[in-house]
Structure formats: C-alpha cells, structure tokens
Amino acid sequence: MINNCTRRGFLGRAALGMAAMSAAAATGSSLVSAGPAAAAGREWVPAVVIGTGYGAAATALRLGEAGVDTVLLEMGKLWDSEASEGKLFPSTLAPDKRAYWFRDRTAAPLASFLWLDVVNRPITPYAGVLDRVHFDHMDVYVGRGVGGGSLVNGAMAVTPKRENFEAAFPGIDADEFYARYLPRARAGLGVNHIAPDWFEDAECYQYARVSRKAARKAGLSTTFVPSTYDFSYMAREQAKTAPRSALAGEVIYGNNHGKRSLDKTYLAHAVGTGKVGIRALRKVTAIRKEGRDYVLTVREIDEYGSTVATTELACRYLFLGAGSLGSTELLLRARETGALPGLSGEIGEGWGPNGNLMTARANHVWDPTGALQATMPSLAIDNSADPVNPVFAEIAPIPVGLETWVSMYLAIVRSPERAAFSYDRASDGLRLGWRPEQSQVHVAKAKALFDSINAANGTVYRHDLFGQNKAFADDFCYHPLGGCVLGSATDGYGRVHGAERLYVTDSALVPGYLGVNPFVTITALAERNIERVLAEDVRPGG
Ligand code: FAE
C-alpha cells in the first residue's frame, strides 16, 4: 500500500527535512504545523497521537489518509541535524551524549569485556536516542526520538508463529490478521530478506555461520530473519561502495545509513498526507477530560533538558502510542490521580519482557567469528517447534572490530511470567512488580538450549560480559509488552474501557509474550485497530 504513495513519502521526508532547517533547528523541536489554526487560548486539534513508534506511526498515517488533522507529540528529538563530525548518530564503540536519554554515563547491554570496565564511559546528559529505564528487578531499553524504537533496534522483522499469536489474542480473527494486516505492516515497514548466496560468502556474517555450525552439531536448525535494514545497502557496505553503518558498529545508538526506520517510512508518508504534524521534544505529562475533549499537559524541553514551555493541547480523539511503559504510565496516572477515574482496573496488568534475554558462548580458537560483524542479525536458531521448551534465539554480533571468538545470542523463551505496573504517588512514576525468580524461569529455559550447544561442541559460556559473572543477562530486556492488554484493559480494537474516544495503539496491547521480536505484530495490530476505529468512531472534523 505504501508503495503506491512514494511521491507522498518523498514529500513527507522533504517536510521532515525542511522542518529541520527552519526554526526548529534552533531548539531541536522540529515542527511541521498541522491542524486548524491555533484557537485563542488553548490549541485544539481533532486527533492527537502520543509517541512516534510503530503503533503511533501506523495510526497517524491512516488518520492522515482519512483526512483527519492529527498532531503527534514525541518526547525525544527529531534526529535530523548532523553533529560536527558529519553524522547523526555515534557508533556503538564511541558513544557520546547523543547515545543516551539524560544520563551521565553510558549503560550498555554489555557491562564489561574480560571482566574489565572498558565498555561504559561518562557522557553529557542530553536528549539522546536510547533510554535504559530502571525498575527494581528489570531494566527496559527503549528508543527516544521521532521514530521511537525503530531508531535503535536490530531491525529484525519477524512474524509470530500462529499458535503464539492466537494464544496472545484469542479474540482476533487470525486468518484475517495473517492475510490482511501482517502483509500491510510488512509492506509499510519496508521489510526485506537477505540473499542466501550472499550470506554464505559475506565476511560480515562469519559470526552467524560459526553459530549455525555449532547449533547444527547439537541437532538444532536455523532460519533467516527478515529485516527493515536494507540488505542491498549492506552488500554495498561489504563491497566498500557505500558508507558503512551496519558494518561500522552502528545499531543501538542509531544508524546513519541503511535502516528503514519509521521516519523514512510510515512517518514520512503520514506527514506527506498534509494532515499530520510531528512535534518533537514534547512530553505529555497528564491527560484529563473536559466536556467531550481530552486536554493534555505538554512539557516542551530543549536538548539539554531545560523546560522551554508547559502548554495544553485539546483534542477529540486521543491515541496512546507512547510504548508499553509510556502509555501505561499515562493511563495509570490519570486513573490514580482521579483525572480519568472511570478507567479499567486492568490497566497496568499483563506486562512481560517477551521471555527475552541475552547470553554468550566462547568458541574454540579454530572457530573465529570475524572482526567485521554486521550489527543487524540475519539468522536465528529456531527451536520454536519444540513442544516442551520452544526457543527462538537470534545470533547477535559483538561488533568491536576485533576477533573475540564470542557467539552472542538474543534468546526468546516461552514465558508464562507476567507482572503488574502500579502508580507511585511519591515519584509520580511507575513501579514494576517483576520478581528476580521470574527471570530465573527464563534463564533455566535458555540454559537448557545453550547447554546442549555447549555439550555438543565442547564449548563454554562467557561469564565476563554481563556483570556479576553472569552467563545470562536476565536483568534487562528489549521487548516490553503489555500494561493495557487488548481485550482486557481495552476492547478488541484498543478502545480503552471507561473512556470514549481514547485508544491504545502500541506494545502495551500485547500480553507479555509473543515468541518473536514484536514490532511487525505491533504495527499490524495498529493497522487493524485504526481501520475499525476510522470506520466506526472518527469524523474528520472531530
Ligand atoms: P516505541 O517504539 O517504544 O515508541 C514509543 C515512543 O513514545 C518513543 O519514541 C517515546 O520517546 C515516546 N514517548 C513515551 N512516553 C511519551 C510521553 N509521555 N510523551 C511523548 N512521547 C512519549 O513504541 N523489536 C523487533 O521487532 N525487532 C528487533 O530487532 C528489535 N530490536 C530491539 C533493540 C533494541 C535496542 C530495543 C530498545 C528494542 C528492540 N525491539 C525490537 C523492540 C521494538 O523496538 C519495540 O517493541 C517497539 O519499538 C515498540 O513499539 P511501540 O509502538 O510500542
């Protein structure tokens, strides 16, 4: 569908770019203005979408196509102006202030190397692109900026196994979802596939071939992983005919080339409709109802965190696309402070990290993994048909530019573990009731698989990478899911129970576990839900 509107996408990208060159550049708060002219006093628009990640972007595009004036509010930056070295984003090996959301020291997934504290370093607090949100027993990585998680993620665009999808969403017609909305999402995201022949020869995927050999020895099979990173661009990186990004260690702090992040796909097309505007460095801190409208309190900051203005914005239709943490926090705060007292008691429930954890093995010296490693994984150990212990484990790089003999994995184990968020009045923030024993359930399942690989190959775990001598990184995750679960805190289309014209569009809808990386499903779910909401609820003028 998006392929048919390339011109609109071009116009949208140009609009996003032009905004950067205008007044917005001064504050970093980019802007494409939208909607009716600001009324005297408080501004009103028919629709507001909070956030600019997957759910938000798909929702905004379809609202714009339907002629609904829509404003997106994003707490992070629009990443459009290059720093002095001529790049938007820093590499994983040389992080600077652009890497993290207001931290004075980097907080990378790898804590150390050979037990040495050589990975993390001091930085200037800044509106950087990656956030590590701390909860008592589970940190959560999220993207910050126009494009949300698409700016920092590994671009793995995986369709869930049908039985996992049906278990997560018993109320959704899976035939229709797989035939209609997943293909629509994959097209909109620009998902592409690696050429198998190229993979077999590519120097940058030696690490994946070495892990495949080890998996096969244990009787395990592998599968290619589709991606929103442009594999034809990567081939040119390998051939040294294009500037390197995936082959230059760029991923969790942003990619300067090659990645089809949302600002280049859905969001560009949304802005290209002429109906959608994006306002960056705007954090929504509160939601309340006045008459038929929602009124949002919006804090605008500069790139160093100073408050520039606190304003209010009113709308008739409010879509929450601030991610599992962000959307849940806004709804819990509204319920618990009495701003929206009728909201469902199910809000905050059903959260899980998708059974997601990392581990690493040490290979034999005769099995080098290569100094040049593509940061975008393209191969996974697929043990998901195992009825007892299904595991999907992507073979991840360790892109340090040196031979390490390390095989790294991002594993997703089947997880029945869920936790609830609660609102903490003292900090005005979220608490997460995740318990360390719940992580141990995930570790045991991953260990069963990787023990078999080590046993078949005579290899061992690496204990020097994740801190505290751990072989499994069980205290952080990349896939926060749940908090406003579809069919529970909302109806079957994301309409929040107890509030009219209030919708959740993002990962908060997914009940804790999908079995594969989630962004394709999140996008498809948003496509499905907005189609119904546009048909039944929305009138373009509000
Ligand atoms: P998300 O993309 O998180 O966007 C939410 C946006 O809302 C963010 O830009 C926030 O800054 C913004 N926001 C939050 N609160 C507010 C507020 N109060 N006011 C204004 N703005 C706000 O939402 N998934 C995959 O499928 N494949 C992968 O390869 C993969 N790799 C990952 C690697 C990393 C390092 C990380 C962090 C995540 C990865 N994920 C991956 C997960 C994926 O990015 C995530 O599931 C989606 O981004 C979630 O999409 P949402 O639409 O829920």
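So, here is what we can say about the structure in this document. Here the structure is a predicted model, which is why all the values come from computation and not from measurement.

### Quick look at the overall build of the protein
For the protein, the helix and strand inventory stands at 12 helices and 19 strands. The principal-axis extent of the C-alpha atoms belonging to the protein is close to 70 × 45 × 45 Å. The buried share of the protein, reckoned over its 542 residues, is 62%. Relative to all contacts within the protein whose residues are 6 or more apart in sequence, the contacts with residues 24 or more apart total 73%. Of the roughly 19600 Å² that the protein leaves accessible, carbon and sulfur atoms contribute 54%.

### Notes on a nonpolar patch on the surface
A surface patch of nonpolar side chains, about 450 Å² in accessible area, is lined by Leu114, Trp115, Leu116 and Val118. Along the chain, the position of Leu116 falls in the loop between β2 (70–73) and β3 (130–133).

### Re helix α3 (residues 54–65)
In this model, α3 (12 residues) spans 17 Å end to end at C-alpha, consistent with the 16 Å of a helix rising 1.5 Å per residue. By the criterion of burial, α3 is predominantly enclosed, with 11 of the 12 residues buried. At the C-terminal side of α3, Gly67 shows a positive phi close to 85°.

### Looking at the sheet that holds strand β4 (residues 139–143)
Taken together, the 3 strands give an open sheet; going across it, the order is β3-β4-β18, and neighbouring strands pair in mixed fashion. Of all the strands in the sheet, just β3 and β18 (476–477) have a single pairing partner and so form its edges. Two strands pair when backbone bridges link them, and β3 and β4 are joined in this way by 4 bridges, in the antiparallel orientation. Its bridge partner being in β4, Val133 is matched across the sheet by Val140.

### What to know about the pairing of β3
The two faces of β3 match: Leu130 and Arg132 on one face and Asp131 and Val133 on the other face are all buried. In sequence, β3 turns back onto β4 through a hairpin of 5 residues.

### Some thoughts on the nonpolar core
Counting 93 residues, the largest nonpolar core has Leu318, Trp351 and Leu502 as its most contacted members. Apart from residues lying up to four places away in sequence, Leu318 is in contact with Val48, Ile50, Ile287, Tyr294, Leu296, Arg501, Leu502 and Tyr503. Ranked by size, the runner-up nonpolar core spans 73 residues in total, among them Leu110, Ile381, Phe392 and Phe466.

### Topic: the site of the ligand
As a structural note, the neighbourhood of the ligand is formed by 38 residues, with Glu74, Gly149, Met156, Ser507 and Phe519 the closest of them. Pro518 is positioned such that a nitrogen or oxygen atom in its backbone is 3.2 Å from an oxygen atom of the ligand. Here an oxygen atom of the ligand sits 2.8 Å away from a polar atom, N or O, in the main chain of Phe519. When the free accessible area of the ligand is taken as 1000 Å², the share hidden by the protein chains comes to 96%. For the shell around the ligand, the secondary structure elements donating two or more residues are α3, β4, β7 (282–290), α10 (323–336) and α12 (519–536).

### Remarks on helix α5 (residues 174–189)
The sharpest bend along α5 reaches about 30° and sits at Tyr181, with the proline Pro183 one to four residues further on. The complete set of buried residues in α5 reads Ala174, Phe177, Tyr178, Tyr181, Leu182, Arg184, Ala185, Gly188 and Leu189. For α5, the elements touching its buried residues are α3, α4 (162–168), α9 (266–272) and α12. The backbone nitrogen of Asp175 lies 3.1 Å from a side-chain oxygen of the residue at the head of α5, namely Asp173. Of the residues flanking the end of α5, it is Gly190, one or two places downstream, whose phi is positive at about 75°.

### Here's the deal with the packing of aromatic side chains
As enumerated under the stated definition, the model contains 23 aromatic pairs in all. With centroids separated by 5.5 Å and ring planes inclined at 35°, the aromatic side chains of Phe199 and Tyr205 adopt a geometry described as tilted. Across the pair, exposure class does not vary: Phe199 and Tyr205 are buried alike. Ring centres of Phe476 and Tyr478 lie 5.7 Å apart, and the angle between their planes is 70°; this geometry places the pair in the edge-to-face category. Residue classification places Tyr478 among the partly exposed positions, given a relative accessible area of 25%. Among the aromatic side chains, those forming a connected cluster through ring pairs are Phe165, Phe169, Phe177, Tyr178 and Tyr181.

### Describing the environment of Asp80
By the element assignment, Asp80 lies in the loop between β2 and β3. Distance from Asp80 to Thr369, taken between C-alpha atoms, is 35 Å for residues 289 residues apart in sequence.

### Quick notes on the side chain of Thr521
Relative to the helices and strands, Thr521 is located in helix α12. Ignoring anything within four residues of it in the chain, the contact list for Thr521 reads Pro160, Phe165, Phe177, Leu182 and Leu514.

### Describing the pattern of salt bridges
A complete count under the given rule lists 39 salt bridges for this structure. For the salt bridge of Arg184 with Glu531, the shortest nitrogen-to-oxygen distance reads 2.8 Å. Here the residue Arg184 occupies a position in helix α5, and Glu531 occupies one in helix α12, the gap between them amounting to 347 residues. In this structure, the salt-bridge partner of Arg495 is Glu536, at a minimum N-O distance of 2.8 Å. Of this pair, Arg495 sits in the loop between β18 and β19 (502–504) while Glu536 sits in helix α12, and the two are 41 residues apart along the sequence. By relative accessible area, which is 48% here, Glu536 ends up partly exposed. A cluster of three or more residues bridged by salt bridges with shared partners is formed by Asp491, Arg495, Arg532, Glu536 and Asp537.

Reading the values: the criteria
- Residues numbered from 1 in each chain as written.
- Predicted model: local features only at pLDDT ≥ 70, side-chain atom pairs only at ≥ 80, totals over all residues.
- Heavy atoms only, no water.
- Helix = DSSP H or I, 4+ residues; strand = E, 2+ residues; numbered from the N terminus.
- Buried < 20%, exposed > 50% of the residue type's maximum accessible area, 1.4 Å probe, protein only.
- Contact = heavy atoms within 4.5 Å.
- Areas by Shrake-Rupley, 256 points an atom, 1.4 Å probe, with all protein chains shown as cover.
- Patch = residues over 30% accessible without salt bridge, like charges linked within 9 Å, V, L, I, M, F, W, Y side chains within 5 Å.
- Salt bridge = Lys/Arg side-chain N within 4 Å of Asp/Glu carboxyl O.
- Expected span 1.5 Å × (residues − 1).
- Pairing = 2+ DSSP bridges.
- Core = buried A, V, L, I, M, F, W, Y, C linked by side-chain atoms within 4.5 Å.
- Near = heavy atom within 4 Å.
- Polar contact = N/O pair within 3.5 Å; in protein donor to acceptor, adjacent residues only side chain to side chain.
- Bend = angle between axes of the 7 residues up to and from the residue.
- Phe/Tyr/Trp six-rings, centres within 6.5 Å; stacked < 30°, edge-to-face > 60°.

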